[in-house]
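Architecture and fold: a report
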Amino acid sequence: MENQVFVMDHPLIQHKLTFLRSKDTGSKEFRELVSEIGMLMCYEATRDLPLEDARIETPIGPATTKVIAGRKMAFIPILRAGLGMVDGVLALVPAAKVGHIGLYRDPKTLKPVEYYSKLPSDITERDVIVLDPMLATGGSAIDAIGIIKRSHPKSIKFMCIIAAPEGMKAFTEAHPDVPVYCAAMDKRLNDHGYIVPGLGDAGDRIFGTL
Ligand code: PRP
Ligand code: URA
């Protein structure tokens, strides 16, 4: 199956992304923007949730309306930077569970190193959205989704804010069955594996560890 890749060019997302990229944006505002963009992206990434009928009474009389059809969701941020998107997505889906995958990129090899994993015990019943602001070489997202697949969730989507073409190609080859949602596809990676123009180091900017 070919991946579905969605680049979300909604004006609100693109506007917030400009301030997110700017080196003049401090940690407080950066965190708020990551969370807000996460929320706006989640709105679109959940567009295909199935609905069912609900019978209710409005103050005027009975009505048949729609509710989400009992689907259970889980959000899984890739530590650290994915944590920045969690508040935003939970604002839209407060009943979702949150798992965590800890990976860091070795600065020399650029290969991801796993250091933590805690997934919901009922993950087989859940639709999972994996969160990480950056898809650079793709190594972290590819490994995180490989780890999650071993627990057999009902479905998996991947949501990032900025992707590099190199990472998107590697990801779609490794996981052709996983739809990808991003807010921007940038030009390329530099020699240190950073996305150009990108936004710098997402984890350091969120947590003020520059
Ligand atoms: C960043 C980012 C991704 C990864 C992307 O994390 O949040 O997880 O790099 O790079 P890749 O696509 O080349 O794997 P980092 O390793 O800097 O860890 P951190 O979030 O703890 O800062
Ligand atoms: N990780 C980041 O945080 N930023 C990049 O540009 C690449 C990897």
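Our structure's up above, just so we're on the same page.
For the structure given in this document, a descriptive report is provided here. (Residues numbered from 1 in each chain as written. Chains lettered and ligands numbered in written order. Predicted model: local features only at pLDDT ≥ 70, side-chain atom pairs only at ≥ 80, totals over all residues. Heavy atoms only, no water.)

1. Some words on the site of ligand 2
Every residue lining ligand 2 is accounted for by Arg105, Met134, Ala136, Gly193, Tyr194, Ile195, Gly200, Asp201 and Ala202. Here Gly200 contributes a backbone N or O atom positioned 2.8 Å from a nitrogen atom of ligand 2. Here ligand 2 loses 88% of its free accessible area of 240 Å² to cover by the protein chains. Tallied by class, residues from the shell around ligand 2 come to five nonpolar, two polar and two charged. (Near = heavy atom within 4 Å. Polar contact = N/O pair within 3.5 Å; in protein donor to acceptor, adjacent residues only side chain to side chain. Areas by Shrake-Rupley, 256 points an atom, 1.4 Å probe, with all protein chains shown as cover. Nonpolar A, V, L, I, M, F, W, Y, C, P; charged D, E, K, R; others polar.)

2. Considerations on the site of ligand 1
Near ligand 1 you find 15 residues, and of these Arg105, Asp132, Thr137, Gly138 and Ser140 are the closest. Between an oxygen atom of ligand 1 and a side-chain N or O atom of Arg105, the distance comes to 2.7 Å. One of the side-chain N or O atoms of Asp132 is found 2.4 Å from an oxygen atom in ligand 1. Bound to the protein, ligand 1 loses 91% of the 500 Å² it would expose on its own. For the shell around ligand 1, the elements supplying multiple residues, two or more each, are β6 (100–105), β9 (134–135) and α4 (139–149). Each residue belonging to the shell around ligand 1 can be placed in one class, and the counts come to six nonpolar, five polar and four charged. (Helix = DSSP H or I, 4+ residues; strand = E, 2+ residues; numbered from the N terminus.)

3. Structural notes on the side chain of His175
One can find His175 in the loop between α5 (165–174) and β12 (180–182). Given a relative accessible area of 6%, His175 falls into the buried group. At 2.9 Å, the side chain of His175 forms a polar contact with the backbone oxygen of Ile142. Residues in contact with His175, not counting those within four places in the same chain, are Asn3, Ile142, Ile145, Gly146 and Lys149. (Buried < 20%, exposed > 50% of the residue type's maximum accessible area, 1.4 Å probe, protein only. Contact = heavy atoms within 4.5 Å.)

4. A closer look at the sheet that holds strand β13 (residues 184–185)
Pairing within the open sheet is parallel, and its three strands lie in the order β9-β11-β13. Looking at the sheet topology across the chains shown, the edges are occupied by β9 and β13. Relative to strand β11 (residues 162–163), β9 runs parallel, the two sharing two bridges. Its bridge partner being in β11, Met134 is matched across the sheet by Ile162. (Pairing = 2+ DSSP bridges.)

5. Quick word on the packing of aromatic side chains
Within this structure, the stated rule accounts for three aromatic pairs. Ring geometry for Phe6 against Tyr181: centres 4.6 Å apart, planes inclined by 15 degrees, an arrangement best described as stacked. Highlighted residues: Phe6 in strand β1 (residues 5–7) and Tyr181 in strand β12, separated in sequence by 175 residues. Plain terms: the ring middles of Tyr104 and Tyr115 are 6.1 Å apart, the flat faces sit at 35 degrees to each other, and that makes the pair tilted. Here Tyr104, found in strand β6, pairs with Tyr115, found in strand β7 (residues 112–118); they are 11 residues apart in sequence, far enough to count as distant. (Phe/Tyr/Trp six-rings, centres within 6.5 Å; stacked < 30°, edge-to-face > 60°.)

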